[in-house]
Number of protein chains: 2
Amino acid sequence: MEEHILFQALADPVRLRIVEAMRSGEWAVGDIVERMDIHQSGVSRHLRILAEAGIVQMRPDGQRRLYSVRAQAFDRLEAWVASYRRHWDRRLDRLGNALKGKSV
Amino acid sequence: MEEHILFQALADPVRLRIVEAMRSGEWAVGDIVERMDIHQSGVSRHLRILAEAGIVQMRPDGQRRLYSVRAQAFDRLEAWVASYRRHWDRRLDRLGNALKGKSV
DNA sequence: AGTGTATATACATGGAAGAGCATATATTGT
DNA sequence: ACAATATATGCTCTTCCATGTATATACACT
């Protein structure tokens, strides 16, 4: 479980912007540096945090490192959210049944 | 969108435990204090952060305040995750088509 | 081998955030 | 009105984290 590490990684605005940018595929570190207004060392550190959280993966390409998002991380997020929805559905069902029983 | 505020609120382990506990419905502040090993003032502060992020809502009940989770917050999360999945599906489709075209 | 390029890491620093304590602000009951 | 209970908030302290600078490491090219 430990989902809070996942959330911690996405909590920083710069990291979230990096992840959002990665919707469009793989990015080299230098490309990210150009778009984000932050120093290269910062980008590398952010990428390390994202990688440790399992959100991104790295693929070496010559002297560059291409980073991309891992679908499995979003599977975890989706499963987490879904577990709440199941709880609510149950509660709404109970509410609905209670209303049906009481009124009408 | 500013989803990073949502993630920031869920990034703290204590806050995440509070949210997890709220799967089972409404909780008064004092009840949370009993289960979490933290001072009451801390719980109140965490609840304020969760409320400002739109994750929980409050309902006064006498001298107590009953907190519960807001389904809409999870709608936002779910939508966010879903937008990534759409991107991947498109990319996988392209990959699939490319493979079909090249091999066989 | 040596030079240039791309990325990662060690270090120091400023600022944010979480913790407990004390106190303020309801609300209930007498 | 007063005492008791429940919760929120101001304060201080400490810890953590993001940042930039400087440096190390890895790779490419000649």
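Residues numbered from 1 in each chain as written. Chains lettered and ligands numbered in written order. Predicted model: local features only at pLDDT ≥ 70, side-chain atom pairs only at ≥ 80, totals over all residues. Heavy atoms only, no water.

Novice: Please clarify how the overall build of chain A should be interpreted in this entry.
Specialist: Within chain A, the secondary structure is distributed over five helices and three strands. Each helix and strand of chain A, ordered N terminal to C terminal, gives the series α-α-β-α-α-β-β-α. Within chain A, the proportion of its 104 residues that are buried is 39%. Look at the contacts in chain A between residues 6 or more apart in sequence, and 53% of them connect residues 24 or more apart. If you sum the accessible surface of chain A, you get close to 6,300 Å²; carbon and sulfur atoms cover 51% of it. (Helix = DSSP H or I, 4+ residues; strand = E, 2+ residues; numbered from the N terminus. Buried < 20%, exposed > 50% of the residue type's maximum accessible area, 1.4 Å probe, protein only. Contact = heavy atoms within 4.5 Å. Areas by Shrake-Rupley, 256 points an atom, 1.4 Å probe, with all protein chains shown as cover.)

Novice: What am I meant to see in the sheet that holds strand β1 (residues 27-28) of chain B here?
Specialist: Backbone hydrogen bonds are what pair the strands of a sheet, in a parallel or an antiparallel way. Residues and elements named next belong to chain B. Sheet architecture is open: three strands sit in the order β1-β3-β2, paired in antiparallel fashion. At either end of the open sheet lies a strand with only one pairing partner, and these are β1 and β2 (56-61). Of the strand pairs in this sheet, β2 and strand β3 (residues 64-69) are connected by six bridges, and their pairing is antiparallel. Among the inter-strand pairings, V56 is bridged to a residue of β3, identified as V69. (Pairing = 2+ DSSP bridges.)

Novice: It is not clear to me how the relation of the copies chain A and chain B should be interpreted in this structure. Could you clarify?
Specialist: Two copies of one chain are present, and they are related through a rotation about an axis combined with an axial shift. It takes a turn of 180° to lay chain A on chain B, together with a shift of 0.0 Å along the axis; the resulting RMSD is 0.1 Å. Those values place the two copies in the arrangement expected of a two-fold rotation axis. Taking C-alpha positions as reference, the residue of chain A nearest the rotation axis is F7 of chain A, located at 2.6 Å. By residue overlap, the copies meet face to face through one surface: 100% of the interface positions of chain A are interface positions in chain B. (Least-squares fit on C-alpha atoms with pLDDT ≥ 70 in both.)

Novice: Explanation requested: the sheet that holds strand β3 (residues 64-69) of chain A in the structure shown.
Specialist: Strand order across the open sheet formed by three strands is β1-β3-β2 (chain A), with antiparallel pairing between neighbours. The two strands at the open ends of the sheet, each matched to only one other strand, are β1 (27-28) and β2 (56-61) of chain A.

Novice: Is there a simple way to think about the interface of chain A and chain B in this case?
Specialist: Many analyses report the size of an interface as the accessible area lost when the parts associate. In this complex, chain A contributes 28 residues to the contact, which on the side of chain B involves 28 residues. Across the chain A/chain B interface, buried area totals approximately 2,800 Å², and carbon plus sulfur atoms make up 64% of it. The largest contributions to the chain A side of the interface with chain B come from R23, Y84 and W88 of chain A, which together make up 23% of the buried area. Summed over the shared surface of chain A and chain B, the number is four salt bridges. (Buried area = accessible area lost by both parts, 1.4 Å probe. Salt bridge = Lys/Arg side-chain N within 4 Å of Asp/Glu carboxyl O.)

Novice: Can you walk me through helix α2 (residues 13-21) of chain B in this structure?
Specialist: Structurally, the α-helix is built with 3.6 residues per turn, so residues lying three or four positions apart point the same way. Residues and elements named next belong to chain B. Within α2 the residues assigned to the buried category are R15, L16, I18 and V19. One side of α2 carries all its buried residues, which in axial view fall inside an arc of 155°. The backbone nitrogen of V14 has a side-chain oxygen 2.9 Å away, supplied by the residue at the start of α2, namely D12. (Arc of directions from axis to C-beta. Polar contact = N/O pair within 3.5 Å; in protein donor to acceptor, adjacent residues only side chain to side chain.)

Novice: Just checking my understanding: could you explain the protein's contact with DNA strand D for this structure?
Specialist: R45 and H46 of chain A together with Q40, S44 and Y67 of chain B are the nearest of the 22 residues found near DNA strand D. At the protein interface, 57% of the atoms of DNA strand D within 4 Å belong to sugar or phosphate. Taking G30 of chain B, its main chain carries an N or O atom lying 2.9 Å from a phosphate oxygen of DNA strand D. Elements with a contribution of two residues or more to the surface near DNA strand D: α2 (13-21) and α4 (40-52) of chain A together with α3 (29-35), α4 (40-52) and β3 of chain B. Of the residues in the surface near DNA strand D, the class split is six nonpolar, ten polar and six charged. (Near = heavy atom within 4 Å. Nonpolar A, V, L, I, M, F, W, Y, C, P; charged D, E, K, R; others polar.)

Novice: What's the story with the protein's contact with DNA strand C in this structure? I'm lost.
Specialist: Surveying the vicinity of DNA strand C reveals 22 residues, the closest of which are Q40, S41, S44 and Y67 of chain A together with H46 of chain B. Protein-proximal atoms of DNA strand C, defined as those within 4 Å of the protein, fall in sugar or phosphate at a share of 59%. A distance of 2.6 Å is found between a phosphate oxygen of DNA strand C and a side-chain nitrogen or oxygen belonging to H46 of chain B. Here a base oxygen of DNA strand C sits 3.4 Å away from a polar atom, N or O, in the side chain of Q63 of chain B. Classifying every residue of the surface near DNA strand C gives six nonpolar, ten polar and six charged.

Novice: Any chance you could explain the environment of L6 of chain B here in plain terms?
Specialist: All names here are of chain B. Relative to the assigned elements, L6 resides in helix α1 (residues 3-11). Since its relative accessible area comes to 2%, L6 is described here as buried. Distance from L6 to I55, taken between C-alpha atoms, is 7.6 Å for residues 49 residues apart in sequence. The residues touching L6, leaving out its near neighbours within four places in the chain, are A53, I55, A73, R76 and L77.

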